[in-house]
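# Descriptive analysis of the structure
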Amino acid sequence: MSGRLLLICRLLMRSLRRRRTETLLLLVAITATTATLTLGLNLNEIADRPYQQTRAATAGPDVIMTPLATGQAALDELAPLPGAAGVADHSGPFPIAYLTMTAAGGSAHAVVEGRDVVPDSINRPAVTDGTWVRPGGVVVESAFADALGIRVGDTVDIEGHPLSVAGTAVTAARPTYPYAGWHYSGSVLVERGGLVWVERGDIATLADGKPLSYTLNLKLTDPADSVNYGDRPHATTWQEIGRLNGRLYRDAQMTLLVGSWLLSGLALAGVAGIVAGRIIGQRRRVGLLKAVGAGPAVIAAVHLAEYLLIGLTAAATGVAVGWSVAPVLIRPSVGLVGSVNAQPPALRTVVAATLLALTIAVAATLVPVVRAVTTNTVHALADAATPPHRRRWRIRLSRLLPTALLIGVRINARRPRRARLVTVNALITTTALVAVLVVNGQVERFDLGYTELANPRSERMKQALLVVIVVLCLLALINAVVSAWTAVLDARQPLAVARALGATPAQAGMGLAAAQLLPALPGVVAGIPSGLGLLTFLSRDEVHYPPTVWLLGTALGVLLAIAVLAAIPAMIAARRPAVDALRSALT
């Protein structure tokens, strides 16, 4: 047993040392997939940390009570709550009005809250710029100010009353813009809006006779008891506020998770292509192992151990990369203080990334390993390609093809599995690019009552989409290059025979390029409806499809990129004299 383990370890280390470039490509493909998955799984947890930091910095309440009633009726409804069991402290009630604010040429819904000049013990907003409220001044919630382009010293208008912007601040007592909870008086239908604070004595003037509502902040002895208030009408818990803030990242998380699925398929195709080439190159070694008495279990263990080790290394690297780049890629809302600090990833994230990496490694390796194990010893020692299944009708049809196309068809007939991997690579790449076209072509209408501003959820989703598409294009590029070079190296002798029979170097090079384009064509054609269908399935709103010209341009662009990547190594190989290739085959 120890002798077999020693043999496996020695062959493993020798293979890794001799094929460093291929090993590096395998690591890159699997690492990119696991890093994207790690980022997607950690997004909600990481994005929640700034809210927790804001809650600590602003003495955030555990429960916020805001009845629909107005005036004295609202005060009467809130009066018994500060003395209720389990309430340790409170602040308020503070008057609230749901008004309209005009700034920088745009108008938007504004939840106006009256506050005292002296900060309270519970829910004291943290000023991020300027000063706190003063008579005749207004403090704007930081995310709301950023969306409207408001700066300290600007003048805003609230219901016809001009106010100077004294500062900007953040709070944990209400969700950040655009989920501040604006609604018409007495209505339960909540609309988008932002939060501002004014001096308590100014709010009645701003409301201009409109009835005022009130809000009360409660601090509980045990913050976890806030869930008991969840079923009360007009009560908002700190957990609910955290969930609403997390909605800003929901689309981005879905983008990253779907992107990790697409990257998994792309990585599987790339790894399978590299593994197939490696095992084909090691076929003579398989024959030698069988000749000296090695059984199927030993041969399978020799190959699987190598790729399982690569998979585990890629999983660890992917988790580390996803964890370390999260603070750079995830930009928290300016309506929160603190930063997206990198905490150790959760155990479920590590397990998921490891399982994904091992699944890719095993799935890509299983078929070539089984073929290697079941290969006849003599055939393995001869190291010959599997002959294509010949049919008379295929031979008659091939006679009608041009020389270059005939060479491409015969190359794919010798390695049909590699051709299928090219199809998968083209399919996933086209699907992702079409999905990007659909997303960028959507008409965003983010109404704030009287104007339209940028949708912060869409902004974060497009940032995540950019990450996914860059990584996906990188993997697709690697797959295309590896597939082209593998085809060139594998077809050296058949091409030499074709050239000896009269094919020109240009025809041989075009044949190699055709061997990549032919299987890519159905993948590109199927990728267009796949991309459209993916966005239709995932989108919650009506999908606006891009013009047909854009879709055709994307398809042609993918085919052109594959043709260029295949033509370069093909032309290089075509320059080699046919005599040299034939002589190397004899030796």
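How each quantity is defined
Residues numbered from 1 in each chain as written. Predicted model: local features only at pLDDT ≥ 70, side-chain atom pairs only at ≥ 80, totals over all residues. Heavy atoms only, no water. Helix = DSSP H or I, 4+ residues; strand = E, 2+ residues; numbered from the N terminus. Contact = heavy atoms within 4.5 Å. Areas by Shrake-Rupley, 256 points an atom, 1.4 Å probe, with all protein chains shown as cover. Expected span 1.5 Å × (residues − 1). Bend = angle between axes of the 7 residues up to and from the residue. Salt bridge = Lys/Arg side-chain N within 4 Å of Asp/Glu carboxyl O. Buried < 20%, exposed > 50% of the residue type's maximum accessible area, 1.4 Å probe, protein only. Phe/Tyr/Trp six-rings, centres within 6.5 Å; stacked < 30°, edge-to-face > 60°. Lys NZ or Arg CZ within 6 Å of the ring centre and 35° of its normal. Patch = residues over 30% accessible without salt bridge, like charges linked within 9 Å, V, L, I, M, F, W, Y side chains within 5 Å. Arc of directions from axis to C-beta. Pairing = 2+ DSSP bridges. Core = buried A, V, L, I, M, F, W, Y, C linked by side-chain atoms within 4.5 Å. Polar contact = N/O pair within 3.5 Å; in protein donor to acceptor, adjacent residues only side chain to side chain. pLDDT = per-residue confidence, 0-100. Axes fitted to C-alpha atoms, helices over the stretch in contact; angles between N-to-C directions. Parallel < 35°, antiparallel > 145°, perpendicular 65-115°, else oblique. Left-handed = near helix turned anticlockwise from the far one by under 90°. Nonpolar A, V, L, I, M, F, W, Y, C, P; charged D, E, K, R; others polar.

## Structural notes on the overall build of the chain
The secondary structure content of the chain amounts to 19 helices and 10 strands. Partitioning the contacts of the chain with sequence separation of at least 6, the portion at a separation of at least 24 is 83%. By element, 64% of the accessible surface of the chain is carried by carbon and sulfur atoms, the whole surface being about 26,800 Å².

## Points about helix α17 (residues 505–538)
In a regular helix each residue adds 1.5 Å, so 34 residues correspond to 50 Å; α17 covers 49 Å between its end C-alpha atoms and thus fits that length. Taking the largest bend as the criterion, α17 deviates by roughly 30 degrees, centred on alanine 520, and proline proline 522 comes between one and four positions later.

## Notes on the pattern of salt bridges
Overall, the coordinates contain 6 salt bridges when judged by the stated rule. Two residues, aspartate 62 and lysine 219, come together in a salt bridge whose shortest N-O distance is 3.8 Å. Of this pair, aspartate 62 sits in the loop between α2 (20–57) and β1 (63–65) while lysine 219 sits in strand β9 (residues 213–220), and the two are 157 residues apart along the sequence. Judged by its relative accessible area of 24%, lysine 219 falls in the partly exposed class. Three or more residues joined by partner-sharing salt bridges are found here, namely Arg55, Asp62 and Lys219.

## Examining the packing of aromatic side chains
Applying the stated criterion to the full structure yields 1 aromatic pair. When the ring of tryptophan 132 is compared with that of tryptophan 197, the centres are 5.8 Å apart and the planes differ by 55 degrees; the resulting orientation is tilted. Taken together, the residues span a long stretch of sequence, with tryptophan 132 in the loop between β4 (126–130) and β5 (137–141) and tryptophan 197 in strand β8 (residues 194–199) at a distance of 65 residues. Each member of the pair, tryptophan 132 together with tryptophan 197, is buried. The residue whose ring lies beneath arginine 115 is phenylalanine 94, and the NZ or CZ to ring-centre distance is 4.1 Å.

## Structural notes on unusual backbone geometry
Although it is not a glycine, asparagine 123 adopts a positive phi angle of roughly 60 degrees. Relative to the helices and strands, asparagine 123 is located in the loop between β3 (106–115) and β4. The backbone of glutamate 159 shows a phi angle near 50 degrees, a positive value even though the residue is not glycine. In this structure, glutamate 159 sits in the loop between β6 (155–158) and β7 (161–170).

## Some details on the environment of leucine 304
Relative to the helices and strands, leucine 304 is located in helix α9 (residues 296–329). Spatially, the C-alpha atoms of leucine 304 and threonine 365 are 7.1 Å apart, while their sequence positions differ by 61 residues.

## Some details on a nonpolar patch on the surface
Nonpolar side chains collect at one region of the surface, where Leu474, Leu477, Val481, Trp485, Leu560, Val564, Ile568 and Ile572 lie side by side and expose about 710 Å² of accessible area between them. Relative to the assigned elements, leucine 474 resides in helix α15 (residues 456–490).

## Some words on helix α6 (residues 238–246)
All of the buried residues in α6 are Trp238, Ile241, Gly242, Leu244 and Asn245. All buried residues of α6 project into a common sector of 160 degrees when viewed along the axis, lining one side.

## Describing the pairing of β9
The element β9 is largely enclosed, with a buried count of 7 among its 8 residues. Note: β1 against β9, 3 bridges, orientation antiparallel. Counted as the bridge partner of valine 63 is leucine 218 from β9.

## Considerations on the nonpolar core
Counting residues in each nonpolar core, the largest one holds 52 residues, and the members touching the most others are Val271 and Leu472. Elements with a minimum of two residues in this core: α2, α7 (250–281), α9, α10 (347–374), α14 (416–440), α15, α17 and α18 (548–574). Residues contacting leucine 472, with those up to four places away along its chain left out, are Leu262, Leu263, Leu266, Ile428, Thr429 and Ala432. Ala108, Val138, Leu148 and Val165 belong to the second largest nonpolar core, which has 25 residues in total.

## Re the side chain of threonine 215
Examined against the element boundaries, threonine 215 turns out to sit in strand β9. At 3.2 Å, the side chain of threonine 215 forms a polar contact with the side chain of threonine 66. Aside from chain neighbours lying at most four places away, what touches threonine 215 is Ile64, Met65, Thr66, Leu78, Gly92, Pro93, Phe94, Ile96 and Glu113.

## Here's the deal with the confidence of the model for the chain
Averaged over all residues, the pLDDT of the chain equals 75, while 73% of them reach at least 70. When mean pLDDT is taken per element in the chain, β5 scores highest with 88 and helix α19 (residues 578–586) scores lowest with 53.

## With respect to the packing of helix α13 (residues 403–414) against α17
At a closest axis distance of 7 Å, the pairing of α13 and α17 adopts a crossing angle of 55 degrees. Judged on the interaxial angle alone, α17 and α13 are oblique. You can see that α13 and α17 cross each other, and the crossing is right-handed. Of α17, the residues touching α13 (which contributes Thr403, Ala404, Leu405, Ile407, Gly408, Val409, Ile411 and Asn412) are Gln507, Ala508, Met510, Gly511, Leu512, Ala514, Ala515, Leu518 and Pro519. A class-by-class count of the residues in the contact of α13 with α17 yields 12 nonpolar, 5 polar and no charged.

## Regarding the environment of valine 439
The residue valine 439 is located in helix α14 in this model. Residues in contact with valine 439, not counting those within four places in the same chain, are Met461, Lys462, Leu465 and Leu535.

## Quick notes on the pairing of β6
The side chains of a regular strand alternate between the sheet's two faces. Residues of β6 alternate between two faces, with Val156 and Ile158 buried on one and Thr155 and Asp157 left unburied on the opposite face. When strand β2 (residues 87–103) meets β6, the two strands line up antiparallel, connected through 2 bridges. Its bridge partner being in β6, methionine 101 is matched across the sheet by isoleucine 158.

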